[in-house]
Amino acid sequence: MKDSDRPVGIFDSGLGGLTVFKALRDLLPGENLIYFGDTARVPYGTKSAQAVISFSSEITRFLLERRIKLLIVACNTASSLALDEIRKISPVPVMGVIKPGVDAAAAALPHGGRVLVTGTTATVNSRAYSRALAAAAPALDVTEKACPLFVPIVEEGWCSKPVAALVAREYLAPFRRRKIDALILGCTHYPMLKRVIARVMGPKVKIVDSARAAALAARAELESRGLLNRGRRGASEFVVSDAPERFSDLAGRLLGIRTGRVAVKRF
Ligand code: DGL
């Protein structure tokens, strides 16, 4: 097998990373992609750093056994807490989703402004976004807000139900008075609630979704290493740690992704 034919590995705690998977599939149709959703242990955002590091390391080892050429940590929580540990055990390049999101926010507000970062409790407590934004765009004024109920709402497939709007209003309405210029969707589940979030924030607030930015960064990384697969139609493979039918059903309903058979890997 040529190195460029080897798959790109992507993982998240559950469905959220599929927003990144979808952007990758659109941008890089020739790549073979293998997606792992840790459905047995979702959510990660309420867990300790030790737990997230241990889960992420197990998944990394599993994907490395599948001979991936690049690993995309399509989970902000794991990107915040476990990226260094993952890099220590991975001989292949590892990319997180925070840097692409930060770069996209900096590009959206070239003259500075107020940024609201939304994410899981673990991501917000880690301050990974504040640090990365301070380094990339010091002129930005950054506030972070944990929105822990968003992930279970998405995992339940309730993105268009009234409860999604109610919870979004509860978390975000207080920020309407603060003249926010951009809101970062700092969790890969949140793009599935983008419409609801945008409605609460109003039309003047730019919503920054890192999925496409992460896909563009992945393409640049593969290109620079001569690993881009220029084939016509790459394969897509899905593996979860529990409840494969439910995952497949929700991937179809929420994102229009037809997974086919979903395999199970239990740790
Ligand atoms: N989608 C993940 C993230 O980007 C994890 C959410 C969770 O499992 O709590 O943070």
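Everything discussed here concerns the structure shown above.
As the structure is a prediction and not an experimental result, all values here were calculated from the model. (Residues numbered from 1 in each chain as written. Predicted model: local features only at pLDDT ≥ 70, side-chain atom pairs only at ≥ 80, totals over all residues. Heavy atoms only, no water.)

A.B. asks: Is there a simple way to think about the overall build of the chain in this case?
C.D. replies: Each helix and strand in the chain was counted, giving twelve helices and ten strands. Its C-alpha atoms give the chain a radius of gyration of 18 Å, within 12% of the compact-globule value 18 Å for 267 residues. C-alpha atoms of the chain, sized along the principal axes, occupy 55 × 35 × 35 Å. Counted over contacts in the chain with a minimum sequence separation of 6, partners at least 24 positions apart contribute 76%. When the accessible area of the chain is evaluated, it comes to approximately 12,100 Å², of which 50% is carbon and sulfur surface. Across the chain, the mean location of the 40 positive side-chain charges is 5 Å away from that of the 24 negative side-chain charges. (Helix = DSSP H or I, 4+ residues; strand = E, 2+ residues; numbered from the N terminus. Rg over C-alpha atoms; globule rule 2.2 N^0.38 Å. Contact = heavy atoms within 4.5 Å. Areas by Shrake-Rupley, 256 points an atom, 1.4 Å probe, with all protein chains shown as cover. Lys, Arg positive; Asp, Glu negative; His and termini not counted. Charge placed at Lys NZ, Arg CZ, Asp CG, Glu CD.)

A.B. asks: Looking at this model, I keep getting lost on the nonpolar core. Mind explaining?
C.D. replies: Nonpolar side chains tend toward joint burial in soluble globular proteins. Counting 58 residues, the largest nonpolar core has I10, L18, L24, F150, L172, I197 and M201 as its most contacted members. Here this core gets six residues from one element, more than from any other, and that element is helix α1 (residues 18-27). Among all residues touching L172, those that are not within four sequence positions of it are L116, T118, C147, F150, L183, I197, V200 and M201. I59, F62, A78 and V94 belong to the second largest nonpolar core, which has 22 residues in total. (Core = buried A, V, L, I, M, F, W, Y, C linked by side-chain atoms within 4.5 Å. Buried < 20%, exposed > 50% of the residue type's maximum accessible area, 1.4 Å probe, protein only.)

A.B. asks: I tried to follow the packing of helix α5 (residues 98-108) against helix α11 (residues 210-224) on my own but got confused; where do I start?
C.D. replies: A pair of packed helices is captured by two measures, namely the crossing angle of their axes and the spacing between those axes. Packing of α5 against α11 leaves a shortest axis separation of 8 Å and a crossing angle of 110 degrees. In terms of orientation, α5 and α11 fall into the roughly perpendicular class. Considering the relative orientation of α5 and α11, their crossing is right-handed. Taken together, the residues of α11 that come into contact with α5 (itself represented by P100, G101 and A104) are S210, A213, A214 and A217. Looking at the contact of α5 with α11, its residues break down into five nonpolar, two polar and no charged. (Axes fitted to C-alpha atoms, helices over the stretch in contact; angles between N-to-C directions. Parallel < 35°, antiparallel > 145°, perpendicular 65-115°, else oblique. Left-handed = near helix turned anticlockwise from the far one by under 90°. Nonpolar A, V, L, I, M, F, W, Y, C, P; charged D, E, K, R; others polar.)

A.B. asks: I tried to follow the packing of aromatic side chains on my own but got confused; where do I start?
C.D. replies: Tallied over the full model, the rule gives eleven aromatic pairs. Here the aromatic cluster, defined as three or more aromatic residues joined through ring pairs, consists of F21, Y35, F238 and F247. (Phe/Tyr/Trp six-rings, centres within 6.5 Å; stacked < 30°, edge-to-face > 60°.)

A.B. asks: Explain the pairing of strand β7 (residues 182-185) here, please?
C.D. replies: Put simply, side chains in a regular strand alternate between the two faces of the sheet. The two faces of β7 match: A182 and I184 on one face and L183 and L185 on the other face are all buried. Looking at chain direction, strand β5 (residues 113-119) and β7 are connected through four bridges and run parallel. Considered in β7, the bridge of L116 is made with L183. Where β7 meets strand β8 (residues 206-209), four bridges bridge the pair, whose relative direction is parallel. Looking across to β8, one finds that L183 is bridged to I207. (Pairing = 2+ DSSP bridges.)

A.B. asks: I tried to follow the pattern of salt bridges on my own but got confused; where do I start?
C.D. replies: Once the charged atoms of two side chains with opposite charge are near each other, the side chains can pair. Summed over the entire model, instances satisfying the criterion amount to 13 salt bridges. Note that K99 is salt-bridged to D103, the shortest N-O span being 2.7 Å. One end of the pair is K99 and the other is D103, both in helix α5 and four residues apart, which spans about a single turn. Of the charged contacts, one joins R253 and D249 as a salt bridge, the two residues approaching to 3.6 Å between their closest N and O atoms. Of this pair, R253 and D249 both sit in helix α12 (residues 244-255), separated by four residues, roughly a single helical turn. Residue class for D249 comes out partly exposed when judged on its relative accessible area of 42%. (Salt bridge = Lys/Arg side-chain N within 4 Å of Asp/Glu carboxyl O.)

A.B. asks: Teacher, can you tell me more about the site of the ligand here?
C.D. replies: The ligand sits among 14 residues. The nearest are S13, Y44, N76, T77 and H189. At 2.7 Å from an oxygen atom of the ligand is found a main-chain nitrogen or oxygen belonging to N76. Here an oxygen atom of the ligand and a backbone polar atom of T188 are 2.8 Å apart. When the ligand sits alone it has 290 Å² of accessible area, and the protein chains cover 99% of it. When its residues are assigned to classes, the shell around the ligand shows six nonpolar, seven polar and one charged. (Near = heavy atom within 4 Å. Polar contact = N/O pair within 3.5 Å; in protein donor to acceptor, adjacent residues only side chain to side chain.)

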